[in-house]
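Structural description and commentary
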Amino acid sequence: MEYKNILFSVEEGIATIAFNRPKAMNAMNGETMEELYDAASVCKKDSAVKALILTGAGEKAFVAGADIAQMQNMKPAEILSFMELGHETMRLIETMPKPSIAAVNGYALGGGTEITMACDMRFASEKAVFGQPEILLGIIPGWGGTQRLARLVGMGRAKELILSGEQINAQRAFEIGLVNRVYPPEALMDETRKFARKLAALSGFATKMAKHAINYGYDISIDSANRLEMQCIAQCFSTDDQKEGMSAFLEKRKPAFTGR
Ligand code: DAK
């Protein structure tokens, strides 16, 4: 697929998807969501991709939300397909067997915050701004914000943000657990890439099993979830990576994982 609204590159096993609609603060229209879905599908399938970074091109915005101009006059059927595509894309990123980091360089509002929450981790520039301002437009979050925000920061804080529409800075987002790490703007991408490379060097199979246990264990009973974990770790013991990881430790050398 040819991309118009995102920049997509793969370097040293790290895929980077940068939202790139500077005139609209990288707002998500249907076309951009289709491109994101396509690029995320490529990342999932391509064995050369070991980790994924989502960011915003330019200095001002990650994604300033769904495109309000496009949404304003959408008919119910259009809203429905926009909704489905958005949810499928978020779930694709969240559940893909490879780690993802949102490198949040500026405004991440509404659908922007929702995209960051579909990633496994959020690293923010000191200039980043988060929020779910949908209520100010007479709507509510529509790409999982009501659910993922409450799971990440707790119900009270999620309600505070969603019911008020207030924006918060990176430091506050860090304090409430929405953001994992905060960096000076000029260090954000280097630090994120460094961390992504570190994740990419680990066992791809163990990463896949860890994400599987966390993602699918979260909403079921603790007993069922622990059983799921048991199945996942048992599978790890069938891999070369488990043998390599443990041998390397005992031989006092760095492991060379192959993902098998
Ligand atoms: N949509 C469209 N255009 C946007 C935009 C957006 N979300 N955000 C900014 N822009 C455009 C502005 O209209 C402006 O365009 P021009 O006037 O230059 O043509 C340009 O980007 C620059 O913006 P500003 O002039 O406003 O720049 P400032 O630095 O003064 O302010 C800002 C930056 C990010 C604080 C401000 O632009 C802003 O508040 N933007 C809107 C933020 C917002 O409300 N975002 C939430 C959108 S609602 C659904 C699923 C999901 C959703 C809805 C439905 N379904 C499944 C049904 C999600 C909804 C949302 O995300």
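Everything below is about the structure shown above.
**A closer look at the sheet that holds strand β9 (residues 167–169)**
- Taken together, the four strands give an open sheet; going across it, the order is β4-β6-β8-β9, and neighbouring strands pair in mixed fashion. Edge positions in the sheet fall to β4 (61–63) and β9, since each has one partner strand and no second. Taking each pair of neighbouring strands and ignoring which way they run, the sheet shows an average axis angle of 20°.
- Two elements, strand β8 (residues 129–131) and β9, share three bridges in a ladder whose sense is antiparallel.

**A word on the layout of surface pockets**
- Approximately 710 Å³ is the volume found for the largest pocket.
- Taken together, 24 residues line the largest pocket, and the ones lying closest to its centre are E94, C119, D120, I214 and N215.
- Breaking the lining of the largest pocket down by element, the ones donating at least two residues are α3 (76–95), α4 (111–118), β7 (121–125), α5 (145–153) and α9 (204–217).
- For the lining of the largest pocket, the leading source of residues is α9, giving five residues.
- Residue composition of the lining of the largest pocket, by class: eleven nonpolar, five polar and eight charged.

**A word on the pairing of strand β1 (residues 6–11)**
- Here β1 runs beside strand β2 (residues 14–19); their pairing, made up of six bridges, is antiparallel. Looking across to β2, one finds that S9 is bridged to T16.
- The hairpin turn running from β1 into β2, its antiparallel successor, is two residues long, and E12 in that turn takes a positive phi close to 50°.

**Some remarks on the sheet that holds β7**
- Taken together, the six strands give an open sheet; going across it, the order is β1-β2-β3-β5-β7-β10, and neighbouring strands pair in mixed fashion. Sheet topology places β1 and β10 (181–183) at the edges, where each strand pairs with a single neighbour. When the angles between neighbouring strand axes are averaged without regard to direction, this sheet yields 20°.
- One ladder, built from four bridges, connects strand β5 (residues 100–104) with β7; its direction is parallel. If you follow I101 over to β7, its bridge partner there is M121.
- Packing against the sheet, helix α8 (residues 188–200) makes contact with β2, β3 (51–56), β5, β7 and β10, and its axis sits at approximately 175° to β5.

Cut-offs and rules
Residues numbered from 1 in each chain as written. Predicted model: local features only at pLDDT ≥ 70, side-chain atom pairs only at ≥ 80, totals over all residues. Heavy atoms only, no water. Pairing = 2+ DSSP bridges. Helix = DSSP H or I, 4+ residues; strand = E, 2+ residues; numbered from the N terminus. Axes fitted to C-alpha atoms, helices over the stretch in contact; angles between N-to-C directions. 1 Å grid on protein atoms, 1.4 Å probe; cavity = no way out; pocket = protein on both sides within 12 Å on 5 of 7 lines; lining within 4 Å. Points joined across faces, edges and corners; volume = space filled by probe spheres on them. Nonpolar A, V, L, I, M, F, W, Y, C, P; charged D, E, K, R; others polar. Contact = heavy atoms within 4.5 Å.

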